[in-house]
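# Descriptive structure summary
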Amino acid sequence: MIEDDLRAAFARHETLTPSTGPLRVAIDRLAAVRRRRRQRFQAAGVTLALLGALGVGVPQLRPDRPAEGPSLSGQPAGGQSGALNVLLLGVDGFGEQPSYRLADSVLLVHIPADRSQPYLISLPRDLEVSIPGRGVEKLNSAFYSGAGEPRPDLDAGYDLTRRVVADLTGVRVDAGAVLTFAGLRRITEAVDGVEVCLPKEVRSWHTRRTFPAGCQRLDGAASVDLLRQRRYLPDGTLDRDRNAQRYVAGLVRRAAAQDVLTNPVRLAALLSAAGKGLAVDDDGLPLTRLMAVLPELKNVDPVGLSLPVGTPVGNASRLPLDPKQGPEFLAALREDRLAQWVAQHPEQVNSVR
(Lines give C-alpha, C1' and ligand atoms only; values in the text may rest on other atoms or scores of the structure.)
Protein backbone atom coordinates (compact mmCIF):
# COMPACT_ATOMS: atom_id res chain seq x y z
CA MET A 1 0.00 0.00 0.00
CA ILE A 2 2.79 2.40 0.88
CA GLU A 3 4.56 1.56 -2.36
CA ASP A 4 1.39 2.32 -4.38
CA ASP A 5 1.01 5.67 -2.59
CA LEU A 6 4.59 6.59 -3.37
CA ARG A 7 4.16 5.71 -7.04
CA ALA A 8 1.02 7.83 -7.21
CA ALA A 9 2.79 10.77 -5.53
CA PHE A 10 5.68 10.59 -7.97
CA ALA A 11 3.28 10.43 -10.89
CA ARG A 12 1.41 13.55 -9.71
CA HIS A 13 4.65 15.57 -9.40
CA GLU A 14 6.43 14.22 -12.47
CA THR A 15 5.21 17.10 -14.62
CA LEU A 16 6.92 19.58 -12.25
CA THR A 17 10.35 17.98 -12.73
CA PRO A 18 12.55 19.95 -15.13
CA SER A 19 13.73 18.20 -18.25
CA THR A 20 17.12 16.51 -18.02
CA GLY A 21 17.81 17.12 -21.69
CA PRO A 22 19.65 20.47 -21.32
CA LEU A 23 21.63 19.14 -18.37
CA ARG A 24 22.71 16.07 -20.32
CA VAL A 25 23.72 18.24 -23.26
CA ALA A 26 25.75 20.53 -20.98
CA ILE A 27 27.49 17.58 -19.32
CA ASP A 28 28.31 16.00 -22.68
CA ARG A 29 29.61 19.30 -24.02
CA LEU A 30 31.84 19.82 -20.96
CA ALA A 31 33.18 16.27 -21.22
CA ALA A 32 33.95 16.77 -24.91
CA VAL A 33 35.77 20.03 -24.21
CA ARG A 34 37.87 18.37 -21.52
CA ARG A 35 38.71 15.47 -23.85
CA ARG A 36 39.77 17.89 -26.59
CA ARG A 37 41.82 19.93 -24.12
CA ARG A 38 43.67 16.81 -22.93
CA GLN A 39 44.38 15.88 -26.54
CA ARG A 40 45.60 19.41 -27.30
CA PHE A 41 47.76 19.35 -24.18
CA GLN A 42 49.53 16.21 -25.36
CA ALA A 43 49.87 17.23 -29.01
CA ALA A 44 50.81 20.84 -28.35
CA GLY A 45 53.27 19.76 -25.70
CA VAL A 46 55.25 17.78 -28.23
CA THR A 47 55.18 20.63 -30.72
CA LEU A 48 55.94 23.58 -28.46
CA ALA A 49 58.56 21.93 -26.31
CA LEU A 50 60.77 21.06 -29.25
CA LEU A 51 60.17 24.35 -31.04
CA GLY A 52 61.02 26.12 -27.81
CA ALA A 53 64.24 24.13 -27.57
CA LEU A 54 65.01 25.10 -31.14
CA GLY A 55 64.69 28.74 -30.23
CA VAL A 56 61.17 29.33 -31.53
CA GLY A 57 58.54 31.01 -29.39
CA VAL A 58 54.86 31.56 -30.05
CA PRO A 59 53.03 34.35 -28.22
CA GLN A 60 49.58 34.36 -26.68
CA LEU A 61 49.17 30.67 -26.05
CA ARG A 62 47.27 31.06 -22.82
CA PRO A 63 43.60 31.92 -23.42
CA ASP A 64 43.33 34.05 -20.27
CA ARG A 65 45.75 36.67 -21.60
CA PRO A 66 44.52 39.74 -23.50
CA ALA A 67 44.88 39.63 -27.26
CA GLU A 68 45.99 43.26 -27.49
CA GLY A 69 48.22 45.62 -25.56
CA PRO A 70 51.92 46.46 -25.58
CA SER A 71 54.52 43.92 -24.58
CA LEU A 72 57.63 44.68 -22.55
CA SER A 73 59.55 45.14 -25.79
CA GLY A 74 57.10 47.79 -26.97
CA GLN A 75 55.61 45.52 -29.63
CA PRO A 76 51.97 44.37 -29.79
CA ALA A 77 51.56 41.41 -27.46
CA GLY A 78 49.12 39.66 -29.80
CA GLY A 79 51.47 39.56 -32.78
CA GLN A 80 54.69 37.77 -33.62
CA SER A 81 56.79 40.89 -34.21
CA GLY A 82 57.96 41.47 -30.64
CA ALA A 83 60.48 39.69 -28.45
CA LEU A 84 59.39 36.21 -27.33
CA ASN A 85 60.26 34.17 -24.25
CA VAL A 86 59.81 30.40 -23.94
CA LEU A 87 60.28 28.61 -20.63
CA LEU A 88 61.58 25.03 -20.73
CA LEU A 89 61.67 22.81 -17.66
CA GLY A 90 63.65 19.59 -17.63
CA VAL A 91 62.54 16.92 -15.19
CA ASP A 92 64.47 13.73 -14.59
CA GLY A 93 61.68 11.17 -14.59
CA PHE A 94 62.77 7.54 -14.53
CA GLY A 95 60.42 5.67 -16.85
CA GLU A 96 57.15 6.88 -18.30
CA GLN A 97 55.27 7.45 -15.06
CA PRO A 98 55.47 10.97 -13.61
CA SER A 99 57.47 10.08 -10.51
CA TYR A 100 59.68 13.17 -10.73
CA ARG A 101 59.35 16.06 -8.33
CA LEU A 102 61.97 18.75 -9.08
CA ALA A 103 62.70 20.72 -12.25
CA ASP A 104 66.48 20.48 -12.29
CA SER A 105 66.90 22.27 -15.63
CA VAL A 106 65.26 25.66 -16.12
CA LEU A 107 65.95 27.30 -19.46
CA LEU A 108 64.50 30.56 -20.76
CA VAL A 109 64.72 30.89 -24.54
CA HIS A 110 64.70 34.56 -25.58
CA ILE A 111 63.95 35.47 -29.20
CA PRO A 112 64.72 39.15 -29.85
CA ALA A 113 62.33 41.28 -31.86
CA ASP A 114 64.85 41.56 -34.69
CA ARG A 115 64.95 37.72 -34.92
CA SER A 116 68.75 37.84 -35.07
CA GLN A 117 69.33 34.59 -33.15
CA PRO A 118 67.99 32.85 -30.05
CA TYR A 119 69.48 33.23 -26.58
CA LEU A 120 69.48 30.23 -24.23
CA ILE A 121 69.44 31.56 -20.67
CA SER A 122 70.07 29.04 -17.91
CA LEU A 123 68.42 29.82 -14.57
CA PRO A 124 70.28 27.83 -11.87
CA ARG A 125 68.16 25.22 -10.09
CA ASP A 126 69.60 26.46 -6.78
CA LEU A 127 68.75 30.10 -7.47
CA GLU A 128 67.25 31.85 -4.45
CA VAL A 129 63.70 32.93 -5.32
CA SER A 130 60.42 33.80 -3.64
CA ILE A 131 57.78 31.10 -4.17
CA PRO A 132 54.14 31.95 -3.44
CA GLY A 133 53.03 30.03 -0.36
CA ARG A 134 56.53 28.76 0.40
CA GLY A 135 58.66 31.84 1.01
CA VAL A 136 62.30 31.92 -0.07
CA GLU A 137 63.38 28.61 -1.60
CA LYS A 138 65.45 27.19 -4.44
CA LEU A 139 64.04 27.66 -7.92
CA ASN A 140 63.72 23.94 -8.63
CA SER A 141 61.33 23.52 -5.68
CA ALA A 142 58.73 25.72 -7.40
CA PHE A 143 57.85 22.82 -9.67
CA TYR A 144 57.57 20.50 -6.68
CA SER A 145 55.29 22.93 -4.85
CA GLY A 146 53.00 23.37 -7.84
CA ALA A 147 52.91 19.77 -9.03
CA GLY A 148 51.82 18.36 -5.66
CA GLU A 149 51.63 14.76 -4.52
CA PRO A 150 51.23 11.82 -4.72
CA ARG A 151 50.93 11.97 -8.53
CA PRO A 152 52.51 15.21 -9.75
CA ASP A 153 50.57 17.49 -12.10
CA LEU A 154 52.99 18.70 -14.79
CA ASP A 155 50.65 21.50 -15.80
CA ALA A 156 50.38 22.89 -12.26
CA GLY A 157 54.11 22.45 -11.64
CA TYR A 158 54.93 24.40 -14.77
CA ASP A 159 52.38 27.11 -13.99
CA LEU A 160 53.86 27.93 -10.58
CA THR A 161 57.40 27.88 -11.96
CA ARG A 162 56.31 30.20 -14.77
CA ARG A 163 54.94 32.67 -12.22
CA VAL A 164 58.17 32.57 -10.25
CA VAL A 165 60.32 33.06 -13.37
CA ALA A 166 58.10 35.91 -14.63
CA ASP A 167 58.33 37.65 -11.25
CA LEU A 168 62.09 37.16 -11.13
CA THR A 169 62.88 38.33 -14.66
CA GLY A 170 60.11 40.85 -15.24
CA VAL A 171 59.38 39.46 -18.72
CA ARG A 172 56.22 37.86 -20.02
CA VAL A 173 56.57 34.12 -20.61
CA ASP A 174 54.84 33.55 -23.95
CA ALA A 175 54.99 29.76 -24.02
CA GLY A 176 56.55 26.91 -22.15
CA ALA A 177 56.94 23.20 -21.80
CA VAL A 178 57.97 20.41 -19.48
CA LEU A 179 60.40 17.88 -20.92
CA THR A 180 61.19 14.52 -19.37
CA PHE A 181 64.44 12.74 -20.09
CA ALA A 182 62.44 9.91 -21.65
CA GLY A 183 61.11 12.28 -24.31
CA LEU A 184 64.55 13.80 -24.80
CA ARG A 185 66.02 10.36 -25.37
CA ARG A 186 63.46 9.57 -28.08
CA ILE A 187 64.00 12.89 -29.86
CA THR A 188 67.76 12.26 -29.90
CA GLU A 189 67.26 8.82 -31.41
CA ALA A 190 64.86 10.24 -34.01
CA VAL A 191 67.61 12.50 -35.41
CA ASP A 192 70.22 9.70 -35.23
CA GLY A 193 72.15 11.32 -32.42
CA VAL A 194 73.19 14.82 -31.40
CA GLU A 195 76.71 16.24 -31.55
CA VAL A 196 77.77 17.81 -28.26
CA CYS A 197 81.04 19.72 -27.92
CA LEU A 198 82.55 19.62 -24.43
CA PRO A 199 85.40 21.88 -23.28
CA LYS A 200 86.52 19.33 -20.68
CA GLU A 201 86.15 15.62 -19.98
CA VAL A 202 83.02 14.60 -18.09
CA ARG A 203 82.76 11.37 -16.08
CA SER A 204 79.34 9.94 -15.32
CA TRP A 205 78.57 9.44 -11.65
CA HIS A 206 75.68 7.18 -12.66
CA THR A 207 77.18 4.86 -15.29
CA ARG A 208 80.97 5.52 -15.04
CA ARG A 209 80.89 6.44 -18.72
CA THR A 210 83.56 8.95 -19.81
CA PHE A 211 82.71 11.78 -22.19
CA PRO A 212 86.00 13.07 -23.63
CA ALA A 213 86.70 16.74 -24.31
CA GLY A 214 85.80 17.79 -27.83
CA CYS A 215 82.87 17.16 -30.15
CA GLN A 216 81.11 13.77 -30.13
CA ARG A 217 77.80 12.43 -31.35
CA LEU A 218 75.66 11.04 -28.55
CA ASP A 219 72.74 8.66 -28.81
CA GLY A 220 69.64 9.01 -26.63
CA ALA A 221 70.97 7.09 -23.62
CA ALA A 222 74.31 8.90 -23.68
CA SER A 223 72.62 12.31 -23.99
CA VAL A 224 70.47 11.63 -20.94
CA ASP A 225 73.49 10.36 -19.03
CA LEU A 226 75.47 13.52 -19.80
CA LEU A 227 72.65 15.88 -18.87
CA ARG A 228 72.29 14.22 -15.47
CA GLN A 229 75.88 14.86 -14.46
CA ARG A 230 76.89 17.44 -11.85
CA ARG A 231 78.83 15.66 -9.07
CA TYR A 232 82.20 15.48 -10.80
CA LEU A 233 81.92 18.86 -12.53
CA PRO A 234 83.96 21.83 -11.19
CA ASP A 235 80.94 24.15 -11.03
CA GLY A 236 78.40 21.42 -10.28
CA THR A 237 74.90 22.32 -11.42
CA LEU A 238 76.14 25.41 -13.27
CA ASP A 239 78.29 23.19 -15.50
CA ARG A 240 75.31 20.88 -15.99
CA ASP A 241 73.29 23.87 -17.20
CA ARG A 242 76.03 24.71 -19.70
CA ASN A 243 76.03 21.13 -20.99
CA ALA A 244 72.27 21.39 -21.46
CA GLN A 245 72.85 24.46 -23.63
CA ARG A 246 75.45 22.54 -25.65
CA TYR A 247 72.98 19.71 -26.18
CA VAL A 248 70.24 22.09 -27.37
CA ALA A 249 72.68 23.78 -29.76
CA GLY A 250 73.68 20.39 -31.13
CA LEU A 251 70.04 19.42 -31.59
CA VAL A 252 69.42 22.65 -33.50
CA ARG A 253 72.34 21.99 -35.84
CA ARG A 254 71.32 18.37 -36.36
CA ALA A 255 67.71 19.28 -37.13
CA ALA A 256 68.82 22.03 -39.53
CA ALA A 257 71.19 19.66 -41.34
CA GLN A 258 68.33 17.20 -41.87
CA ASP A 259 66.03 19.95 -43.18
CA VAL A 260 63.70 19.34 -40.25
CA LEU A 261 63.24 23.02 -39.43
CA THR A 262 61.78 23.91 -42.82
CA ASN A 263 60.02 20.67 -43.73
CA PRO A 264 56.63 20.31 -41.98
CA VAL A 265 56.43 16.56 -42.65
CA ARG A 266 59.84 15.84 -41.16
CA LEU A 267 59.20 18.16 -38.24
CA ALA A 268 55.86 16.50 -37.49
CA ALA A 269 57.55 13.08 -37.55
CA LEU A 270 60.23 14.26 -35.13
CA LEU A 271 57.69 15.80 -32.79
CA SER A 272 55.61 12.64 -32.68
CA ALA A 273 58.68 10.66 -31.64
CA ALA A 274 58.70 12.35 -28.22
CA GLY A 275 55.36 10.83 -27.25
CA LYS A 276 54.28 11.51 -23.66
CA GLY A 277 57.73 12.72 -22.71
CA LEU A 278 56.76 16.32 -23.46
CA ALA A 279 53.89 18.42 -22.13
CA VAL A 280 52.92 22.07 -22.36
CA ASP A 281 50.77 24.40 -20.31
CA ASP A 282 48.68 26.03 -23.05
CA ASP A 283 45.65 25.42 -25.25
CA GLY A 284 47.50 24.54 -28.42
CA LEU A 285 48.07 26.15 -31.85
CA PRO A 286 48.30 24.65 -35.34
CA LEU A 287 51.74 23.44 -36.37
CA THR A 288 51.53 25.57 -39.52
CA ARG A 289 51.34 28.73 -37.41
CA LEU A 290 54.31 27.62 -35.35
CA MET A 291 56.29 26.87 -38.49
CA ALA A 292 55.77 30.45 -39.71
CA VAL A 293 58.20 31.71 -37.05
CA LEU A 294 61.15 29.60 -38.20
CA PRO A 295 62.02 31.49 -41.43
CA GLU A 296 62.23 34.75 -39.47
CA LEU A 297 65.37 33.64 -37.63
CA LYS A 298 68.48 35.08 -39.30
CA ASN A 299 70.71 32.63 -37.44
CA VAL A 300 69.54 29.47 -35.66
CA ASP A 301 72.79 29.05 -33.70
CA PRO A 302 71.87 30.02 -30.12
CA VAL A 303 73.91 32.14 -27.74
CA GLY A 304 74.39 30.42 -24.40
CA LEU A 305 74.08 32.60 -21.29
CA SER A 306 73.64 32.06 -17.58
CA LEU A 307 71.91 34.34 -15.12
CA PRO A 308 74.73 35.96 -13.09
CA VAL A 309 74.67 34.66 -9.51
CA GLY A 310 76.71 35.20 -6.36
CA THR A 311 78.25 32.77 -3.89
CA PRO A 312 76.07 30.19 -2.07
CA VAL A 313 74.14 31.35 0.99
CA GLY A 314 73.85 29.31 4.21
CA ASN A 315 73.65 25.55 4.63
CA ALA A 316 70.96 25.30 1.98
CA SER A 317 73.51 26.38 -0.68
CA ARG A 318 71.05 28.76 -2.29
CA LEU A 319 72.52 31.00 -4.98
CA PRO A 320 71.59 34.69 -4.74
CA LEU A 321 71.40 36.97 -7.76
CA ASP A 322 74.72 38.70 -8.38
CA PRO A 323 74.20 42.15 -6.81
CA LYS A 324 75.74 44.05 -9.74
CA GLN A 325 75.61 41.99 -12.91
CA GLY A 326 72.31 40.29 -12.07
CA PRO A 327 70.12 43.42 -12.25
CA GLU A 328 72.04 44.65 -15.31
CA PHE A 329 71.44 41.36 -17.12
CA LEU A 330 67.74 41.29 -16.26
CA ALA A 331 67.34 44.88 -17.42
CA ALA A 332 68.92 43.95 -20.76
CA LEU A 333 66.56 40.99 -21.04
CA ARG A 334 63.47 43.07 -20.28
CA GLU A 335 64.50 45.79 -22.71
CA ASP A 336 65.41 43.30 -25.47
CA ARG A 337 69.04 44.36 -25.74
CA LEU A 338 70.88 41.16 -24.89
CA ALA A 339 73.07 41.57 -27.98
CA GLN A 340 74.42 44.80 -26.49
CA TRP A 341 74.94 43.15 -23.10
CA VAL A 342 76.81 40.24 -24.69
CA ALA A 343 79.07 42.64 -26.59
CA GLN A 344 79.94 44.32 -23.29
CA HIS A 345 80.39 41.03 -21.39
CA PRO A 346 81.83 38.47 -23.84
CA GLU A 347 83.26 36.49 -20.93
CA GLN A 348 79.71 35.63 -19.84
CA VAL A 349 78.92 33.72 -23.04
CA ASN A 350 78.91 29.93 -22.70
CA SER A 351 80.57 28.12 -25.59
CA VAL A 352 78.05 25.79 -27.24
CA ARG A 353 80.33 24.29 -29.90
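So, here's what we can say about the structure. (Residues numbered from 1 in each chain as written. Predicted model: local features only at pLDDT ≥ 70, side-chain atom pairs only at ≥ 80, totals over all residues. Heavy atoms only, no water.)

### Overview of empty space enclosed by the protein
One pass over the full model with this rule turns up two cavities of 30 Å³ or more. Estimates place the volume of the largest cavity at around 310 Å³. Surrounding the largest cavity, 20 residues form its lining, Ser 105, Leu 179, Leu 184, Ala 244 and Val 248 being those nearest its centre. Taken together, the elements giving at least two residues each to the lining of the largest cavity come down to helix H2 (21-53), strand S1 (84-91), strand S2 (103-111), strand S6 (175-180), helix H5 (181-190) and helix H7 (237-257). Per-element tally for the lining of the largest cavity: the top contributor is H7, with five residues. In terms of residue class, the lining of the largest cavity is built from 15 nonpolar, four polar and one charged. (1 Å grid on protein atoms, 1.4 Å probe; cavity = no way out; pocket = protein on both sides within 12 Å on 5 of 7 lines; lining within 4 Å. Points joined across faces, edges and corners; volume = space filled by probe spheres on them. Helix = DSSP H or I, 4+ residues; strand = E, 2+ residues; numbered from the N terminus. Nonpolar A, V, L, I, M, F, W, Y, C, P; charged D, E, K, R; others polar.)

### Notes on the packing of aromatic side chains
Remark: the centre distance and the inter-plane angle together describe each pair of aromatic rings, the angle taken between the planes. By the definition in use, this model includes one aromatic pair. Taking the centre distance of 4.9 Å and the plane angle of 80° together, the rings of Phe 329 and Trp 341 count as edge-to-face. Residue Phe 329 is found in helix H10 (residues 325-334), and its partner Trp 341 is found in helix H11 (residues 338-344); the two are separated by twelve residues along the sequence. Classification of Phe 329 by relative accessible area gives buried; the value is 1%. (Phe/Tyr/Trp six-rings, centres within 6.5 Å; stacked < 30°, edge-to-face > 60°. Buried < 20%, exposed > 50% of the residue type's maximum accessible area, 1.4 Å probe, protein only.)

### Brief notes about H7
The end-to-end C-alpha distance of H7 is 30 Å, a good match for the 30 Å that 21 residues give at a rise of 1.5 Å each. In terms of burial, H7 is a largely internal element, 18 of the 21 residues being buried. Looking at the residues trailing H7, positive phi occurs at Asp 259, about 60°. (Expected span 1.5 Å × (residues − 1).)

### What about the state of the cysteines?
Evaluated as defined, the whole model comprises one disulfide. Note on cysteine connectivity: Cys 197 is disulfide-linked to Cys 215, with sulfurs 2.0 Å apart. The disulfide joining Cys 197 to Cys 215 has a torsion of about 105° about its S-S bond and is therefore right-handed. Here the residue Cys 197 occupies a position in strand S7 (residues 194-198), and Cys 215 occupies one in strand S10 (residues 214-218), the gap between them amounting to 18 residues. Judged by relative accessible area, Cys 197 falls into the buried class, the value being 7%. (Disulfide = S-S within 2.5 Å.)

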